Amino acid sequence: MLLETITEKDVQLGLSAGDWEEAVRKAAEPLRAAGAVEQSYIEGIVQSVHDNGPYFVLTKGFALAHARPECGANRLALNFSTFDPPVTFGAGANDPVRLIITLAATDPDSHIDLLGELADVLMDESRMEKMFRAEAPEEFLEALGR
């Protein structure tokens with residue numbers, strides 16, 4: 001359901017970042033610019049990694065960046081950002097990260113629903129590789145299954 005709402009404006013491709021903090025900030029900025037989150041939400045994501053480690057790096061090359069709703073989420077929204085070169089988060093075998101999905105959720109369960117929707121994509125290495133290597137938003141969305 002949530003993935004059906006994704007459009008080309010929700011996809012950023014080939015970003016570069018000097019470290020994971022810059023990557024998180026770049027990946028989340030479109031959500032702030034669109035009013036889906038406040039700057040405090042982005043800071044909440046960064047602080048959460050400092051406090052808890054890179055827990056949202058879920059699988060090889062992929063992170064689902066999010067903070068607690070009360071950090072400044074205004075509405076449910078997603079942004080997809082690929083990084084070239086990939087970014088190290090200190091997530092062991094799951095590093096480096098090539099795709100960050102930034103989730104703004106106004107309740108504590110939205111990311112669980114999203115993971116259910118993403119499960120087929122995340123388990124399909126071929127689709128993930130197509131998303132990692134997409135050169136245009138349309139190509140990314142096609143690989144995502146939109």
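Keep in mind it's a predicted model, so treat the numbers as computed, not measured.

*Asks:* Sorry, what's going on with the layout of surface pockets here?
*Replies:* Rolled over the atoms, a probe as big as a water molecule pinpoints where empty space is left. Taken as a whole, the largest pocket spans an internal volume of roughly 220 Å³. At the level of secondary structure, the elements contributing two or more residues to the lining of the largest pocket comprise helix H1 (20-33) and strand E4 (77-87). Among the residues forming the lining of the largest pocket, the class breakdown is nine nonpolar, two polar and three charged. What the second largest pocket holds in volume is close to 180 Å³. As for the second largest pocket, its lining consists of Leu13, Gly14, Thr82, Phe83, Asp84, Pro86, Arg98, Phe132, Arg133, Ala134 and Glu135. Partitioned by chemical class, the residues of the lining of the second largest pocket number five nonpolar, two polar and four charged.

*Asks:* What am I meant to see in the packing of H1 against helix H2 (residues 39-52) here?
*Replies:* Packed helices, taken two at a time, are described by the angle their axes make and the gap between the axes. Where H1 meets H2, the axes come as close as 9 Å, and the angle between the chain directions of the two elements is 150 degrees. Judged on the interaxial angle alone, H2 and H1 are roughly antiparallel. At the point where H1 passes H2, the crossing takes the right-handed sense. Of H2, the residues touching H1 (which contributes Trp20, Glu21, Val24, Arg25, Ala28, Glu29 and Arg32) are Gln39, Ile42, Glu43, Ile45, Val46, Val49 and His50. Residues belonging to the contact of H1 with H2 are distributed by class as follows: seven nonpolar, two polar and five charged.

Calculation notes
- Residues numbered from 1 in each chain as written.
- Predicted model: local features only at pLDDT ≥ 70, side-chain atom pairs only at ≥ 80, totals over all residues.
- Heavy atoms only, no water.
- 1 Å grid on protein atoms, 1.4 Å probe; cavity = no way out; pocket = protein on both sides within 12 Å on 5 of 7 lines; lining within 4 Å.
- Points joined across faces, edges and corners; volume = space filled by probe spheres on them.
- Helix = DSSP H or I, 4+ residues; strand = E, 2+ residues; numbered from the N terminus.
- Nonpolar A, V, L, I, M, F, W, Y, C, P; charged D, E, K, R; others polar.
- Axes fitted to C-alpha atoms, helices over the stretch in contact; angles between N-to-C directions.
- Parallel < 35°, antiparallel > 145°, perpendicular 65-115°, else oblique.
- Left-handed = near helix turned anticlockwise from the far one by under 90°.
- Contact = heavy atoms within 4.5 Å.

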